[in-house]
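The lines below spell out each chain.
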Amino acid sequence: MKKKIFVTREVFGEVLDFLAPHFEVADNQADRVLTPEELTQVLADKEGALTTLTERIDENLLSRCPQLRAVCNIAVGYNNIDLTACNKHGVMATNTPGVLDDTTADFAWALILATARRLNEAEAYIREGRWDKWKLKQFLGLDVHHATLGIVGLGRIGQVVARRATGFEMEVLYHDVQRAAPEIESACRAKYVTKDELFSRADIVTVHIPYSPQTHHAVGAAEIALMKPSAILIHAARGGVVDDAALVEALRKGTLAGAGLDVFEGEPALHPGFLEMKNVVLSPHIASSSERTRFKMAMMAAENCVAALTAGNPPNLLNPKGK
Ligand code: DGY
């Protein structure tokens, strides 16, 4: 008898086709986000799940889903999964590292350029029919080329962002909990500095650290207060790493020139202050959303699920103690 799995959100048809020979697959192609209770009920008789960041896998759910052996997240971030609870219940958890680094870094650059050059404001101005003449001082922005880029977190995505900065002939500073190896620093042309130096010297700060209780509000009022009034903050990592209320406050006071944001605390809800401000470029958590990359992420999660439930050895296992 085939093992039963559930795919919690809409995926590409090819992914379901790939899973079908291995499992009895139930899906949610209607793509409604299930409540925790609905998710628990649907997973109660399943051995595997392909999940996304909209599903919380925690003690409450796992204690009521005794068959579950594998939770395969379609994301590199996995703060929606409680690994301690997975270990306790013998559930393997996996993620999708590597496949989205370039795409996510590209999008961080899209936010950098759009925010620095006020592209959203300029576009709205044309669409509203307000463009009547060329003006010398129209939408004066921040030069990206030769500026100082501060990268918070020189992990896989941060490194790609840094390498892209070479083309803009930028000075690249970074800060991380651990200093990177010399060969990484030199490939990225990035200089390790303290957090305070990064925030006070950078013209553009871009955040690339995962969310965890330790990184909650890692970019908070104190860090934002160090930034130059001409600087901009870019965030395409995970909601909660930046203190959104502190950011709104700084933007309101004018102690920061702008922000480019793809992720938010409590998304899809967002701080109402962001909607009032023109100098904020907003996007709905789409940094990894190219056709090819989202396909690869979903397929990688499916491959993890097959490996987990057939051989007990998924390539992207997050918790060896869950085996
Ligand atoms: C990830 O992979 O963690 C992304 O945020 C999902 O879009």
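Fair warning: this is a prediction, and the values are worked out from it, not measured in the lab. (Residues numbered from 1 in each chain as written. Predicted model: local features only at pLDDT ≥ 70, side-chain atom pairs only at ≥ 80, totals over all residues. Heavy atoms only, no water.)

A. Fine view of the overall build of the chain. For the chain, the helix and strand inventory stands at 13 helices and twelve strands. Its C-alpha radius of gyration of 21 Å places the chain within 12% of the 20 Å reference for a compact globule of 323 residues. Based on the C-alpha atoms only, the size of the chain along its principal axes is roughly 70 × 50 × 30 Å. Per element, the accessible surface of the chain, about 15400 Å² overall, is 55% carbon and sulfur. For the chain, the centre of its 35 positive side-chain charges and the centre of its 40 negative side-chain charges are spaced 2 Å apart. (Helix = DSSP H or I, 4+ residues; strand = E, 2+ residues; numbered from the N terminus. Rg over C-alpha atoms; globule rule 2.2 N^0.38 Å. Areas by Shrake-Rupley, 256 points an atom, 1.4 Å probe, with all protein chains shown as cover. Lys, Arg positive; Asp, Glu negative; His and termini not counted. Charge placed at Lys NZ, Arg CZ, Asp CG, Glu CD.)

B. Spotlight on the site of the ligand. Near the ligand you find Leu53, Ala75, Val76, Gly77, Leu100, Arg238, His285, Ser288, Arg294 and Met297, and these make up its full shell. A distance of 2.7 Å separates an oxygen atom of the ligand from a polar backbone atom of Val76. Ser288 places a polar side-chain atom, nitrogen or oxygen, 3.2 Å from an oxygen atom of the ligand. When the ligand sits alone it has 230 Å² of accessible area, and the protein chains cover 89% of it. Among the residues making up the shell around the ligand, the classes are represented as five nonpolar, three polar and two charged. (Near = heavy atom within 4 Å. Polar contact = N/O pair within 3.5 Å; in protein donor to acceptor, adjacent residues only side chain to side chain. Nonpolar A, V, L, I, M, F, W, Y, C, P; charged D, E, K, R; others polar.)

C. Here's a closer look at the layout of surface pockets. As a volume, the second largest pocket reaches approximately 200 Å³. Lining the second largest pocket, in full, are Val152, His175, Asp176, Val177, Lys195, Ile209, Pro210, Gln214, Thr215, Ala218 and Val219. Here the residues of the lining of the second largest pocket sort into six nonpolar, three polar and two charged. (1 Å grid on protein atoms, 1.4 Å probe; cavity = no way out; pocket = protein on both sides within 12 Å on 5 of 7 lines; lining within 4 Å. Points joined across faces, edges and corners; volume = space filled by probe spheres on them.)

D. Structural view of the packing of aromatic side chains. One pass over the full model with this rule turns up five aromatic pairs. Ring plane angle 5 degrees and centroid distance 5.0 Å describe the contact between Trp109 and Phe168, whose orientation is recorded as stacked. On the criterion of sequence distance, the pair formed by Trp109 in helix H5 (residues 101-116) and Phe168 in the loop between helix H7 (156-164) and strand S7 (171-175) is long-range, its members being 59 residues apart. For Trp109, a relative accessible area of 5% gives the class buried. Under the relative-accessibility criterion, Phe168 is labelled partly exposed at 28%. (Phe/Tyr/Trp six-rings, centres within 6.5 Å; stacked < 30°, edge-to-face > 60°. Buried < 20%, exposed > 50% of the residue type's maximum accessible area, 1.4 Å probe, protein only.)

E. Region of the structure containing the environment of Arg294. Mapped onto the elements, Arg294 comes out in helix H13 (residues 291-311). Linking Arg294 and Phe12, residues 282 residues apart in sequence, is a C-alpha distance of 9.0 Å. Once residues within four sequence positions are removed from consideration, Arg294 is found in contact with Phe12, His285, Ile286, Ser288 and Ser289. Within the structure, Arg294 has its side chain in polar contact with the side chain of Ser289 (distance 3.4 Å). (Contact = heavy atoms within 4.5 Å.)

F. How the structure looks around the domain arrangement of the chain. What the domain assignment lists for the chain is domain 1 (3-99 + 291-318) and domain 2 (101-282). Summarising the inter-unit geometry, the C-alpha centres of domain 1 and domain 2 are found 32 Å apart. Counting from both sides, the interface comprises nine residues of domain 1 and, opposite them, six residues of domain 2. Of the roughly 600 Å² buried between domain 1 and domain 2, counting both surfaces, carbon and sulfur atoms make up 44%. It is Leu53, Asn79 and Gly98 that lose the most area in domain 1 upon contact with domain 2, and together they represent 58% of the buried surface on that side. Linking domain 1 with domain 2 are zero salt bridges. At the surface where domain 1 touches domain 2, the tally comes to three residue pairs in polar contact (both at pLDDT 80 or more). (Domains from an automatic or database assignment. Buried area = accessible area lost by both parts, 1.4 Å probe. Salt bridge = Lys/Arg side-chain N within 4 Å of Asp/Glu carboxyl O.)

G. Main features of the sheet that holds strand S10 (residues 232-235). A sheet is described by the order of its strands in space; here seven strands give the open sequence S8-S7-S6-S9-S10-S11-S12, paired in parallel fashion. Strands at the two margins of the open sheet, each flanked by one partner only, are strand S8 (190-192) and strand S12 (280-282). Averaged over all neighbouring strand pairs, the angle between strand axes comes to 20 degrees, with direction disregarded. Where strand S6 (residues 148-152) and strand S9 (residues 204-207) come together, four bridges link them in parallel fashion. Looking at S9, one finds that Leu149 is bridged to Ile204. Of the strands in this sheet, S6, S7 and S9 touch H7, which is tilted by about 170 degrees from S6. Against the sheet, helix H11 (residues 244-253) contacts S10, strand S11 (258-261) and S12, and its axis sits at roughly 145 degrees relative to S11. (Pairing = 2+ DSSP bridges. Axes fitted to C-alpha atoms, helices over the stretch in contact; angles between N-to-C directions.)

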